[in-house]
Structures are given as C-alpha cells and as structure tokens.
Amino acid sequence: MSVYSHRAMVTPQARIVEMLDAIRVEFESLAQEAYVCKTQRDDFEHKMNAQIQEMNSFQQSLLDLERTQQTLKEQYEEDIARLRRQLEQAQSRAGVQQPPVQHRAVPPPSNNSGHHPPGQQQPAPPNIGPGSNYFGGIMNAQHHNGSSTSQPSLAAPPQLDQPSQYPGYPPSQQQGPPPPPPSSSAPPPPLGYMNGSPNMPPPGSHPPPGMYGGRMPTSPAPGPYPRQEHGYGYPPRGGGGPGTPTSQPLPPSHHPPPAGSPDKRKPAPGPGLGVMPSRSSGSISKMGAPPTVPPGNLADVDPSSVPASMKIEGEDWFALFNPKVPRYLNVNLVHTLDHASVVCCVKFSADGQYLAAGCNRKTFIYDVKTAQQICALQDDSVQKDGDLYIRSVCFSPDGQYLATGAEDKQIRIWDIQKGLIRSRLRGHEQDIYSLDFSRDGRIVVSGSGDRTVRIWSMVEDKCMHTLQITDPDQKDPGVTSVAVSPDGRLVAAGSLDKMVRVWDVQTGQALERLEGHKDSVYSVAFMPDGRQLVSGSLDKTLKLWELGTSEGRGYGIERDRSKGPCKMTFTGHKDFVLSVACTPDGRWIVSGSKDRGVQFWDPRTGQTQFMLQGHKNSVISVAISPNGRPVFATGSGDNRARIWSYDPIA
C-alpha cells in the first residue's frame, strides 16, 4: 500500500454535467423570481382595475344624482308654477268682482264669445306657456301676465329724395322703379312717422285713389331724415262723440325737450329728497367699461315713505319719481277701458285719435279723447270653441285699415269703416306675435313663433320676403317682436334666443345680430332717428343699441366684444320686461313689465324719471301716441287698457 492517496481523475464530460446542473439551478431560481414578480404585477393590475371601476361607479352615481336632482327641481318648479297659476287665476276671478273705479269707460255688452256677462265666471288668462312657443308661463305666475308686445309709435322724419345711409351698412338696392311724383295740383304729402302720417283722416273718411286702387295711399320713397325738434300739437277734431262724464279732459299739447337740447325748465322743488332711501333707481352699464352702480329701484320704495312732492296718487294707482334726478314730468290717468279678457296689445293710430286694443277674439277701437268705443272687430267665421287671443294690432298709415295677428297663424287686414276683413295673409306656421306697418303703408312685417319674419306687400297681398332664423347654435329662435325703422329700410326682430336681428327690408339681407341680453327678447322699438334701437328682455333689463357699427354686424365679421353696439343697459324692473316704446321726440323710453309697473327712462343718462303702478297684473303692452301729444296707453292681464298723460311740468 502506497503512502500517497490518489483521487480518481475527473473526466471532461462529468465537468460539463456539473456546470449544466448549476445553470439549471440558477435558471429555476430566476424563473421563480420572475413568477413572483408576475404575480405581484397581476395583483397590482387587479387592484388598479378595481379602483378604476370604483371611480367609474362613483362618477356614474354622481351623474345619476345630478339627473335625479334636476328632475326633482323641474318637478318642484312645475308644482310651484301650477300653484301660482291657480292662485293668480283665483285672485284674477276675485278681482273682476271689484267695484268700478273713476275714469272708467266700459264697452257695451255683447253676447259673443269675446265677452262674458257679469254674473258668469271669467275665463282664465290665455295660456302663453311653452305649448304656444312664446311666453313660458308669464301670464300664469305671480299675479302677472305677459303677452305679445305692441310696437312703439315713432315720430316721422321728413321724407326726402335719397335713402338714408347707415354707417357700416351696404347701400340699399332699390327694387323696381320709384313711385311717380305727386301731382303739382295735389297737396304735398304729410310728414310721416314709422307707422303713418300724423294727418291721416279718421276711420270714417275715404282715402284718395292711389297704388291700392283707392284703398291705400301712395307716399314717396323713404329718405334721410334729421331728428325732429319741433312740437307735436294735437289738432282739434270735429265731429267727435260726446265726452264721457267720468273721464278727465286730456291736457294741452306739450312734450318734453328733445334729446340733446338743453332743458331750461327748473326742476320741481325737492324738499324731501333726503327722505327717500338711498338707492339708485336704475343703473347704467356700457359695454367695454361698465360702471359699478349699486342695485336698487323705485319698485323697492315704500310709497308711504315718499314725500308728496315726489309722488302722485290716484284712486287705484300711484307714481313715484326718482329723487336722484330733476323732475320734468307729471303723469295722470285719463281713461280706463274695461274688457272681458286679457288685453294682449294696444296701439295708437298715426294721428293719435284712436286706440286699438287686442283681446280674446275681438279687437276694440276707441276714441282717445272721449273713450267712446268706435267699433269691435271680430271674425265670425272662426270656430266659436276655445280662445283666440289677438296678439298684435297695428294701424295702417292712413288709418283706414287695421292689421291683427292672432293664435290661428293668420294676419287679418280689416277695413275699419266697414268692419270687414279686406284680406288675409297666410303663411306662418305658428302664432303671430307682432306686426308693424312701414310708414308709407306699402308693407306690413310680421313675427311668429315659427322662427320667421315675413315682409308682406300690401299692394299684392302676398309675402315678399321670408326671413328665416337658421342659426345652428340656437335652439328656439321664435320671433316675439318686430319693428320697421322710421325710413322703412330696416326691420328689427327680437327672439326667444336672446338675440336682436336686423335685416334690409328690400333685399332681405341680414345686417346685424345684436348679442347681450341674458334671456329672451320680448320687445324691440326703433328710436326716432332710426340709428338706435331699444330692446326689452326677460332678463329684466332694457338695452339701447347703436346700429351700423362694424362691431355689431355679427355676420361673418370678427369684432372686439369690448366695443359692442350696446350703448346702455337700463336696470330697475323687478321682473320680465314685456314691452318697450319711445316718445316721438326721443326724449323718453317707456317700458312695461311683469312687475305690473311702467317706467319712463332718460336715454341720455339711463336713469328712471318715474315708476307708475296702475295695474293689478302684468303690463303686457305699452304704446305712445305718435303725434307728439303727451299720452300713452297700457294693456294688462287685469283685463284693462288705460290711457295716461305725461305732460311736462310748467
């Protein structure tokens, strides 16, 4: 046996096997770690997916809660509106039973469906809610009624040979030959206004033969016009009916100073100016640099706290004057005209001698001086079932015809003397809410809930232009109000989509889209100069717009919104502004509201001159006598039309 130990010699093959075993063990270890990592990753992904699902569930639950809350809110609002309608209808029925007041002229009773005997229950006010595409329940909420607004009557500028040019507008394209010049032996045409001539004959006389075959007068083409600075006297009228014993005589013809002229009259003494609450009766907001004016208005003032020098009180009405501005006007009730239904619209004739009031199925025409009913126009061919409210009325410039627009989608042109329908203009697909004649009587413009403004030829009794509102971003552009400019070149329309639009009458071209109101626009009216426009809205404000500015065109033009065409915003009403008008000299803007008030505004300062409370329901319509005589009319949901005077302080 050897003293040295000997190991067996390792072969290369055995070494390779050993190395492979080591590699296999390492691989298995790494594979195990990879499996653990994959398991952890899957676990993390599972947890993350679970959290995402939980977040989605939370989001869906939140959306469901929002929808449920919105549904409950709508249900509550519907319930509140229904309760308010019931309360308003109950109080309206109770109000009819009240004793008559002074200065009231009651139309003769009638057995037709438009009037109801005193012993019977009066029908509920017209439903002007969403189903009629218009007022959204104004008539049936909070003791106020709303309806279509009548267009204002404006002063007539002199008619010259050349059409006026609006800054920023393309020249108007005359269509067809101009009318023939008047005969040298014929008297010169009277100065017109937007809806006619101040020297029109009374309804009983015949117009001279002309373009309408003896039916309507021919007047020269519209032309440029300066602002009228002269007075508008009330001419004596022969052959008038007897005066109403309980009616006050109308004041002499006076009017406030024209806009822009210095007023030399001394303001009324104000011994109690400091007693009034320190509130602003109306704030002004100019686009681009709106001033900050503390909120507040005359409607918030307690009449009992106002000194006698700053208020006027009647039997069932009162007027509060703004203590922050000089007092220039007096206001007084002249006549009260009671009806059996809501008075949806009022409008004066061009000479200011007559007033038309649109009610349920009937339109009444009164003598302004005596309050005597001249006639009652009713279409007997209409089915007797249900209501048919006359939403808008407008006299032709010569006073021989009256256009009425109603819920049956028809425009009726009435021969006032005969009491018959001369023609019917059909084409609208929904209720007709507004009408306006051009001052030469050649066209009548209508606005409807069918999203169109139509321009009708009075010569051919057919539609000349259909101005369709087709803005894709507007959901409900139903037209609530239309107005023709004093020179007859432009037509403006307010609509439910918060817009005021302006078109060229002859071409139908869209000229402007005025944006700024925060709610539906219910009334528009041109100022006498024709270059400014007033609008009233459900946002409780009025706006004064400057036309023809490049900033206000709104069609295909990029503009600086800080320099918009809105020159002034009038705030002070506590509820929807339903109707606007302006005096013939442009000195005052007048508004009627769902808050039952009428306010006179100074367009130079934006301040309220006075606030008049003379109705027990919404003031649906206001109209100014266009001949400069200082009287205006109001129509209300309390079934009354009233005539008021606004003569200046001596």
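Residues numbered from 1 in each chain as written. Predicted model: local features only at pLDDT ≥ 70, side-chain atom pairs only at ≥ 80, totals over all residues. Heavy atoms only, no water.

Caption draft 1: Layout of the overall build of the chain. Helices and strands together make up the secondary structure of the chain, namely 1 helix and 32 strands. With 650 residues in all, the chain has 52% of them scored as buried. The long-range fraction of contacts in the chain, counting pairs at least 24 apart against all pairs at least 6 apart in sequence, stands at 62%. Split by element, the accessible area of the chain, about 29,100 Å² in all, is 55% carbon and sulfur. (Helix = DSSP H or I, 4+ residues; strand = E, 2+ residues; numbered from the N terminus. Buried < 20%, exposed > 50% of the residue type's maximum accessible area, 1.4 Å probe, protein only. Contact = heavy atoms within 4.5 Å. Areas by Shrake-Rupley, 256 points an atom, 1.4 Å probe, with all protein chains shown as cover.)

Caption draft 2: Broad picture of the nonpolar core. By size, the foremost hydrophobic cluster in this structure holds 27 residues, and its most contacted members are Trp317, Val331, Phe600, Phe610, Leu612 and Phe632. For this core, the secondary structure elements donating two or more residues are β4 (318-321), β28 (597-601), β29 (608-613) and β30 (619-624). When neighbours within four sequence positions are excluded, phenylalanine 600 is seen to be in contact with Leu329, Trp588, Ile589, Val590, Gln607, Thr608, Gln609, Phe610, Phe632 and Tyr646. (Core = buried A, V, L, I, M, F, W, Y, C linked by side-chain atoms within 4.5 Å.)

Caption draft 3: A look at the side chain of aspartate 367. Examined against the element boundaries, aspartate 367 turns out to sit in strand β8 (residues 362-367). By relative accessible area, which is 2% here, aspartate 367 ends up buried. At 3.1 Å, the side chain of aspartate 367 and the backbone nitrogen of threonine 370 are in polar contact. (Polar contact = N/O pair within 3.5 Å; in protein donor to acceptor, adjacent residues only side chain to side chain.)

Caption draft 4: Just the pairing of β30, in detail. Counting buried residues along β30, 6 of its 6 residues qualify, which places the element largely inside the surrounding structure. For β30 and strand β31 (residues 631-636), the ladder comprises 5 bridges, and the chain directions are antiparallel. In the strand pairing of β31, valine 622 is matched with threonine 634. (Pairing = 2+ DSSP bridges.)

Caption draft 5: Looking closely at the sheet that holds β28. Read across the sheet, 6 strands follow the order β3-β4-β29-β28-β27-β26 without closing on themselves; strand pairing throughout is antiparallel. With partners counted over all chains shown, the strands left at the sheet margins are β3 (311-313) and β26 (577-582), one partner each. If you compare each strand with its neighbour and ignore which way they point, the axes differ by 15 degrees on average. Pairing of β3 with β4 involves 3 bridges; the strand directions are antiparallel. From the neighbouring strand, lysine 311 faces β4, where its bridge partner is leucine 320. (Axes fitted to C-alpha atoms, helices over the stretch in contact; angles between N-to-C directions.)

Caption draft 6: Inspection of the packing of aromatic side chains at higher detail. Enumeration over the complete set of coordinates arrives at 10 aromatic pairs. With a centroid separation of 6.3 Å and 15 degrees between ring planes, the pair formed by phenylalanine 632 and tryptophan 644 is classed as stacked. Here phenylalanine 632 is found in strand β31, whereas its partner tryptophan 644 is found in strand β32 (residues 640-645), with 12 residues between them in sequence. Accessibility assignment for this pair places phenylalanine 632 and tryptophan 644 in one class, buried. One aromatic cluster is present, formed by Trp317, Phe321, Phe600, Phe610, Phe632, Trp644 and Tyr646 through successive ring pairs. (Phe/Tyr/Trp six-rings, centres within 6.5 Å; stacked < 30°, edge-to-face > 60°.)

Caption draft 7: Highlighting the confidence of the model for the chain. Chain-level pLDDT for the chain is 74 on average; 65% of the residues reach the 70-or-more range. Overall, residues 96-164 carries pLDDT values under 50, and its contacts beyond four positions in sequence, including any with other chains, amount to 253 contacts. When the criterion is pLDDT under 50, residues 172-296 qualifies, and its contacts beyond four places in sequence or with other chains add up to 314 contacts. (pLDDT = per-residue confidence, 0-100.)

Caption draft 8: Up close: unusual backbone geometry. You will see that lysine 498, though not glycine, has its phi angle at about 75 degrees, which is positive. Relative to the helices and strands, lysine 498 resides in the loop between β19 (490-495) and β20 (500-504). Non-glycine residue lysine 540 carries a positive phi angle of around 75 degrees. Following the sequence through the fold, lysine 540 ends up in the loop between β23 (532-537) and β24 (541-546). For lysine 540, a relative accessible area of 37% translates into the label partly exposed.

Caption draft 9: Region of interest: the side chain of threonine 608. The residue threonine 608 is located in strand β29 in this model. At 3.0 Å, the side chain of threonine 608 and the side chain of glutamine 599 are in polar contact.

Caption draft 10: The arrangement of the pairing of strand β5 (residues 332-338) in detail. Burial analysis of β5 places 6 of its 7 residues in the buried class, the great majority of the element. Pairing analysis gives 6 bridges linking β5 to β32, with the strands arranged antiparallel. Within β32, the residue paired with leucine 337 across the bridge is alanine 641.

Caption draft 11: Structural view of the pattern of salt bridges. According to the stated counting rule, one finds 25 salt bridges in the structure shown. Between aspartate 79 and arginine 82 there is a salt bridge whose closest N-O contact spans 3.7 Å. Of this pair, aspartate 79 and arginine 82 both sit in helix α1 (residues 12-96), 3 residues apart, roughly one helical turn. Looking at arginine 82, the relative accessible area reads 35%, which means it is partly exposed. (Salt bridge = Lys/Arg side-chain N within 4 Å of Asp/Glu carboxyl O.)

Caption draft 12: The arrangement of the sheet that holds strand β14 (residues 432-437) in detail. The sheet built from 4 strands is open, its strands ordered β14-β15-β16-β17 with antiparallel pairing. Single-partner strands in this sheet number two, and they are β14 and β17 (462-468). Between one strand axis and the next, the sheet turns by 20 degrees as a mean value, whatever way the strands run. With 5 bridges joining them, β14 and strand β15 (residues 443-448) adopt antiparallel strand pairing. Residue isoleucine 432 lies in a different strand from β15, and its bridge partner there is serine 448.

Caption draft 13: Summary view of the environment of lysine 347. Turning to its location among the elements, lysine 347 is positioned in strand β6 (residues 345-348). Separated by 47 residues in sequence, lysine 347 and cysteine 394 have C-alpha atoms that sit 6.2 Å apart.

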